[in-house]
Amino acid sequence: MSEFRDSFRKVAKEFMSSLSVAATIKSGKDRDVLFVPPQSEMGFSVELECMDYGVYPSAEGWHGGCWDVTVWEPKDLEASLHEFLYSVVNDAELVIYYSGSKPYKWVLHHTFEGQRVADETGLILFNWFGNRSSETKHNV
């Protein structure tokens with residue numbers, strides 16, 4: 001087990017005790033997965049997958065960049081994970097854009113390193129001519 005995964009587990013266990021709707025963590029030989037269910041009726045779920053070499057965040061179709069072991073020290077990772085997890089259950093918004101009835105773009109507005117950011121993920125191929133709509137989810 002790496003120091004990186006130990007840091008992830010420490011933050012996950014501390015975070016899990018503070019939620020109104022319980023989160024789960026599944027630990028395996030090669031990875032740990034933290035699943036945070038929606039915390040409100042209009043909320044969204046979040047999943048963090050940690051391996052020895054990085055942490056991968058995702059939320060209902062959105063996925064962010066990896067917190068990579070070559071860039072992040074375990075102590076820095078702990079601080080960043082605390083901030084990210086606090087943000088997704090308190091002040092983050094997930095905006096899902098639809099073309100027709102299918103999602104094609106996801107934007108997660110959250111706090112990262114003290115700044116408000118908008119992380120975007122989208123599909124290259126989607127129904128360009130479909131009726132456009134959007135839905136905003138938040139866990140507060």
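No experiment lies behind these values; they were computed from the predicted model shown.

Structurally, Q39 is set in the loop between β2 (32–36) and β3 (46–51). Engagement of the side chain of Q39 in a polar contact is seen with the backbone oxygen of P37, the distance being 2.9 Å. Setting aside residues up to four positions removed in sequence, Q39 forms contacts with L19, S20, V21, V89 and N139.

This paragraph deals with the nonpolar core. One finds L34, L48, V55 and F84 to be the most contacted residues of the largest nonpolar core, which totals 30 residues. Among the elements of the structure, α1 (3–16), β2, β3, β4 (54–59), α2 (74–90), β7 (93–99) and β8 (102–112) are those that each provide at least two residues to this core. Broken down by element, the residue count for this core peaks at 6 residues, all from α2. Sequence-distant contacts of L48, that is, excluding residues within four places in its chain, are made with F8, D32, V33, L34, V55, Y56, P57, W67, L81, F84 and L85.

Right, let's talk about α2 for a bit. For α2, built from 17 residues, the straight-helix expectation of 24 Å at 1.5 Å per residue is met to within 8% by its first-to-last C-alpha distance of 24 Å. Among the residues of α2, those classed as buried are P74, L77, E78, S80, L81, F84, L85, S87, V88 and V89.

An order of β9-β8-β7-β10 is seen for the 4 strands of this open sheet, with the pairing classed as antiparallel. Whereas interior strands pair on both sides, the edge strands pair on one side only; in this sheet they are β9 (115–122) and β10 (132–138). If you compare each strand with its neighbour and ignore which way they point, the axes differ by 20° on average. Where β8 lies against β9, 8 bridges are found, and the strand directions are antiparallel.

In this section: the packing of aromatic side chains. Applying the stated rule across the entire model yields 6 aromatic pairs. Consider the rings of W72 and F112, whose centres lie 6.2 Å apart with planes at 70°: the pair is edge-to-face. A residue pair is termed long-range when its members are at least 10 positions apart, and W72 in the loop between β6 (67–68) and α2 and F112 in strand β8 qualify at 40 residues. Residue W72 is classed as buried on the basis of its relative accessible area, which comes to 13%. With centroids separated by 5.8 Å and ring planes inclined at 45°, the aromatic side chains of F126 and W128 adopt a geometry described as tilted. Its relative accessible area of 26% is what places F126 among the partly exposed residues. Accessibility expressed as a relative area gives 56% for W128, which makes it exposed. An aromatic cluster of at least three residues, connected via ring pairs, comprises W62, W67, W72, F84 and F112.

Take the environment of G61 next. Mapped onto the elements of the fold, G61 is located in the loop between β4 and β5 (62–63). On the basis of relative accessible area, G61 is assigned to the partly exposed category, the value being 42%. Put simply, G61 and L94 are 33 residues apart on the chain and 9.9 Å apart in space, counted from C-alpha to C-alpha. Ignoring any residue separated from it by four or fewer positions in sequence, one finds G61 in contact with W106 and T121.

Here we come to the confidence of the model for the protein chain. Confidence in the prediction of the protein chain, expressed as mean pLDDT, is 94, and 99% of residues score 70 or more. For the protein chain, per-element mean pLDDT is lowest for β6, which scores 92, and highest for β7, which scores 98.

Scoring rules and cut-offs
- Residues numbered from 1 in each chain as written.
- Predicted model: local features only at pLDDT ≥ 70, side-chain atom pairs only at ≥ 80, totals over all residues.
- Heavy atoms only, no water.
- Helix = DSSP H or I, 4+ residues; strand = E, 2+ residues; numbered from the N terminus.
- Polar contact = N/O pair within 3.5 Å; in protein donor to acceptor, adjacent residues only side chain to side chain.
- Contact = heavy atoms within 4.5 Å.
- Core = buried A, V, L, I, M, F, W, Y, C linked by side-chain atoms within 4.5 Å.
- Buried < 20%, exposed > 50% of the residue type's maximum accessible area, 1.4 Å probe, protein only.
- Expected span 1.5 Å × (residues − 1).
- Pairing = 2+ DSSP bridges.
- Axes fitted to C-alpha atoms, helices over the stretch in contact; angles between N-to-C directions.
- Phe/Tyr/Trp six-rings, centres within 6.5 Å; stacked < 30°, edge-to-face > 60°.
- pLDDT = per-residue confidence, 0-100.

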